[in-house]
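Here is how the chains run, residue by residue.
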Amino acid sequence: MIRFKAALLDLDGTLLDTEGQYTWFWGGILEEYIPEKAHLLPQMKGRTLRTIFDEMFPELRVAQRDIERRLVEFEMNMSFPFIPGAEEFVKDIKAHGVKCAVVTSSSEGKMANVLGKRGEFMSLFDEILTGNMFKASKPDPHCYNLGAQVLGFPKHECVVFEDAFTGLAAGMASGIYTVGLATENPRELIESRCNHVFDSFEGVSWESVEALLH
């Protein structure tokens with residue numbers, strides 16, 4: 001029986017090659033405000049802005065308005081190239097009837113920038129879930145539970161695709177089969193955090209994922 005009916009895909013670092021740009025932005029913010037915590041930068045990835053301010057770095061609350069203004073301006077000028085093979089992978093699985101949803105901690109404003117610069121993006125996905133829709137940030141599993149619910153499939157027919165540690169933890173905690181992408185972190189650091197690892201989407205197809213589930 002075919003089980004791969006719905007794909008829940010993270011955005012930054014999984015579909016779009018943007019993590020380097022965010023590393024530059026947030027690295028500068030931490031160095032400016034709390035340099036003693038700059039080493040925690042990798043743990044920020046995959047979290048909502050609200051969580052970054054309220055839970056990870058409460059010291060930034062005082063400067064929240066300024067940082068948020070700078071982030072909005074930065075995201076307006078970002079480029080949004082696809083991770084190699086990602087666009088082809090999504091087109092292939094959709095051709096096999098798989099429903100696809102983006103599940104991202106990004107804001108609605110950020111997604112508007114993506115859609116404005118990549119006009120074809122919307123046609124690739126059936127649903128786009130942004131951080132404001134989740135009751136808790138990754139690594140909480142709510143985002144992926146909601147993704148499966150919105151697409152209308154039971155968890156055993158869904159697959160999560162993630163690159164960040166927080167996202168991988170969210171996928172696994174949801175009970176959905178979770179595939180890690182070694183696009184930002186080495187394979188050896190993520191293989192124990194997910195069900196399977198692909199080095200990238202290049203050469204990965206609907207058949208590749210189907211084979212994992214049988």
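Residues numbered from 1 in each chain as written. Predicted model: local features only at pLDDT ≥ 70, side-chain atom pairs only at ≥ 80, totals over all residues. Heavy atoms only, no water.

Student: Go over the overall build of the chain, please, and point to the residues and values.
Tutor: Within the chain, the secondary structure is distributed over eleven helices and six strands. Relative to its length of 214 residues, the chain is compact, with a C-alpha radius of gyration of 17 Å against a globular reference of 17 Å. Taking the principal axes of the C-alpha coordinates as reference, the chain spans close to 55 × 35 × 30 Å. Within the chain, buried positions represent 51% of all 214 residues. (Helix = DSSP H or I, 4+ residues; strand = E, 2+ residues; numbered from the N terminus. Rg over C-alpha atoms; globule rule 2.2 N^0.38 Å. Buried < 20%, exposed > 50% of the residue type's maximum accessible area, 1.4 Å probe, protein only.)

Student: Requested: an account of the packing of aromatic side chains, with residues and values cited.
Tutor: All told, the structure shown has ten aromatic pairs when counted by the stated rule. Plain terms: the ring middles of Trp-24 and Phe-74 are 5.9 Å apart, the flat faces sit at 20° to each other, and that makes the pair stacked. Within this pair, whereas Trp-24 is found in helix α1 (residues 19-33), its partner Phe-74 is found in helix α4 (residues 64-76), the two being separated by 50 residues in sequence. Its relative accessible area of 64% is what places Trp-24 among the exposed residues. Here Phe-121 and Phe-125 contribute two aromatic rings whose centre-to-centre distance is 4.9 Å and whose plane-to-plane angle is 40°, an arrangement assigned as tilted. Overall, Phe-125 belongs to the buried group, its relative accessible area being 5%. Here Arg-193 stacks its cationic end above the ring of Phe-165, 4.0 Å away from the centre of that ring. (Phe/Tyr/Trp six-rings, centres within 6.5 Å; stacked < 30°, edge-to-face > 60°. Lys NZ or Arg CZ within 6 Å of the ring centre and 35° of its normal.)

Student: Could you give an account of the pairing of strand β4 (residues 158-162), with specific residues and numbers?
Tutor: Of all five residues making up β4, five are buried, and the element is well covered by its neighbours. Burial along β4 is two-sided: Cys-158, Val-160 and Glu-162 and Val-159 and Phe-161, pointing in opposite directions, are all buried. As defined by bridge partners, strand β1 (residues 6-9) adjoins β4 across four bridges and the pair is classed as parallel. From the neighbouring strand, Ala-7 faces β4, where its bridge partner is Val-159. Once the chain exits β4 it traverses helix α9 (residues 165-174) before rejoining the sheet at strand β5 (residues 177-181), and the crossover so formed is right-handed. (Pairing = 2+ DSSP bridges. Right-handed = clockwise from strand over helix to strand, strands pointing away.)

Student: Please provide a residue-by-residue account of the side chain of Asn-113, values included.
Tutor: Looking at the element boundaries, Asn-113 is found in helix α6 (residues 108-117). For Asn-113, the side chain forms a polar contact with the main-chain oxygen of Glu-75, separated by 3.5 Å. Beyond its immediate stretch of four places on either side in the chain, Asn-113 contacts Glu-75, Met-76 and Phe-80. (Polar contact = N/O pair within 3.5 Å; in protein donor to acceptor, adjacent residues only side chain to side chain. Contact = heavy atoms within 4.5 Å.)

Student: Can you break down the state of the cysteines residue by residue, with the values?
Tutor: For the structure shown, the criterion picks out zero disulfides. Of the cysteine sulfurs around Cys-143, a residue in no disulfide, the closest is that of Cys-158, at 13 Å. There is no disulfide at Cys-194, and the cysteine sulfur nearest it, in Cys-143, is 15 Å away. Overall, Cys-194 belongs to the buried group, its relative accessible area being 8%. (Disulfide = S-S within 2.5 Å.)

Student: Just give me the short version of the sheet that holds β4, but keep the residues and values in it.
Tutor: Strand order in this open sheet of six strands is β3-β2-β1-β4-β5-β6, and the pairing throughout is parallel. Edge strands, defined here as strands with exactly one partner in the open sheet, are β3 (127-129) and β6 (196-198). Across the sheet, the mean angle from the axis of one strand to that of its neighbour is 25°, orientation sign disregarded. Relative to β3, strand β2 (residues 99-103) runs parallel, the two sharing three bridges. Within β3, the position partnered with Val-102 by the bridge is Ile-128. (Axes fitted to C-alpha atoms, helices over the stretch in contact; angles between N-to-C directions.)

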